[in-house]
Amino acid sequence: MKILFISLGCDKNLVDSEMMMGLLRNRGYEFTDDEMQADVIVVNTCGFINDAKEESINTILNMAQYKEHNLKALVVAGCLAERYKNEIMEELPEIDAIVGTTAFDKIVDVIDGVLAGQKENALDDINRLCRPETDRIISTGGYYSYLKIAEGCDKRCTYCSIPMIRGSFRSVPMEALITEAEYLAGKGVKELILVAQETTLYGKDIYGKKMLPELLKRLCEVKGIEWIRLLYCYPKEITDELIEVIKSEKKICKYIDMPIQHASDAILKKMGRRTNNAELRAIIGRLREAIPEICIRTTLITGFPGESEEDHEILMDFVDEMEFDRLGVFTYSAEEDTAAARMDGQLDEEVKLTRRDEIMELQQEISIDKSSRYVEEILEVIIEGQAADEDALYVGRSYMDAPGVDGYVFIKSEEELMSGDFARVRITKALEYDLIGELI
């Protein structure tokens, strides 16, 4: 029996997919990337914002068409399945089974059941920590991988549905994470990327204090791991101890992903965020003072209910002054059953898009200016592969670039380079989001 796996949404969802694939491989199932050959298709869905829900539903419907050919079972897992568990089987009869966000360790029994002709619903308490012991299948190319250190969130931002889908914050025990990191390193992983709904609170629930600094130090001891990258840091939870560990440990990339969402105090309060404009400035200042070379990535939401032109200008001014190294902007999506969706002052989509575009145009100017500073500098780069149709051109990432969300370094080299290799590159040209260089 051959299974096709489609993983949508975030990197945290990808970790769940890799664990499910590991469980299925251990049971003897094989995998294919050809829909026409698949006996079973599993779609691990995202349900965070409207665009993601639409993508998930369209993918499900597209895959259902293969039931006219070889497909025997269509399984839907992840956030969409969890959030709409009461509607999804009724409204999409093409689906043979659903698997909730905390029940993916039951994937083998579910697929065994549907192939035996049963309809299956695998759901569990959303506050359960689903952590199957399995040999993950690494789907990211082999030289980098995500390590999910916690599940759920307690922050309860007014726009966010994650606590309803993935439950309260709960950390993975440290020893389990070290074991998993050693397994990944043994498979050739060189870059470890720590993810969670919020990484900075790691350990508070099971150890009584924030243990991310200690976890980072332990992970730095894992042989074979060369880079450790930190994503999804909540600004309020960034401590001096964490900053010191990032600064002092050589394996930790001088990079931090720190979503701030907005900079207007009025909007931050309506969002339920726990920082204000002045505190954000102070946190950014502390990071840059301690680690001058640090690359700070952030994400913003534009068009939040009640966002005035003045609020937007405050955000624009903040972006202009802070000069973030990396920045992404989402337009506000009204998610059902969230407090923000019930707020007055919902804005037209055109206003949201216009404000998003204004911020991104500003950031583009900042980005080209920042990138230009690296011309003639030498950077260490991890090689991702060869550029299409270019024999002497390779694609890589510097410490400033997380996979999938940031830019690339394009390297001219007559010497053959392999994916996962580290190379020293002299930068010769800067683009808005990418750099061009030559192998030293």
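Cut-offs applied
- Residues numbered from 1 in each chain as written.
- Predicted model: local features only at pLDDT ≥ 70, side-chain atom pairs only at ≥ 80, totals over all residues.
- Heavy atoms only, no water.
- Helix = DSSP H or I, 4+ residues; strand = E, 2+ residues; numbered from the N terminus.
- Buried < 20%, exposed > 50% of the residue type's maximum accessible area, 1.4 Å probe, protein only.
- Contact = heavy atoms within 4.5 Å.
- Polar contact = N/O pair within 3.5 Å; in protein donor to acceptor, adjacent residues only side chain to side chain.
- Phe/Tyr/Trp six-rings, centres within 6.5 Å; stacked < 30°, edge-to-face > 60°.
- Lys NZ or Arg CZ within 6 Å of the ring centre and 35° of its normal.

Novice: How do you make sense of the environment of E307 when you look at a structure like this?
Specialist: Mapped onto the secondary structure, E307 falls in the loop between strand 13 (295-302) and helix 13 (309-322). Residue classification places E307 among the buried positions, given a relative accessible area of 3%. In this structure, the C-alpha to C-alpha distance between E307 and P93, residues 214 residues apart in sequence, is 41 Å. Residues contacting E307, with those up to four places away along its chain left out, are H262, I267, I301, T302, H312, L347 and R355. A distance of 2.7 Å separates a polar atom in the side chain of E307 from a polar atom in the side chain of H262. A polar atom in the side chain of E307 sits 2.8 Å from the backbone nitrogen of G303.

Novice: What should I look at first to understand the packing of aromatic side chains in this one?
Specialist: The geometry of an aromatic ring pair is captured by two quantities: the separation of the ring centres and the angle between the planes. In this structure the tally under the stated criterion is seven aromatic pairs. With a centroid separation of 5.5 Å and an interplanar angle of 65°, the aromatic rings of Y143 and Y144 are classed as edge-to-face. Taken individually, Y143 and Y144 each receive the classification buried, so the pair is uniform in this respect. Measuring from ring centre to ring centre gives 5.2 Å for F304 and Y332, while their planes differ by 70°; the resulting arrangement is edge-to-face. One end of the pair, F304, is in the loop between strand 13 and helix 13; the other, Y332, is in the loop between strand 14 (326-331) and helix 14 (349-372), with 28 residues separating them in the sequence. Exposure class is identical for F304 and Y332. Each is buried. Grouped by ring-pair contacts, the aromatic residues Y143, Y144 and Y146 constitute a single cluster. The side chain of K12 reaches across the aromatic face of Y232, ending 3.8 Å from its centre. The ring of Y144 carries R397 above its face, with NZ or CZ at 5.3 Å from the centroid.

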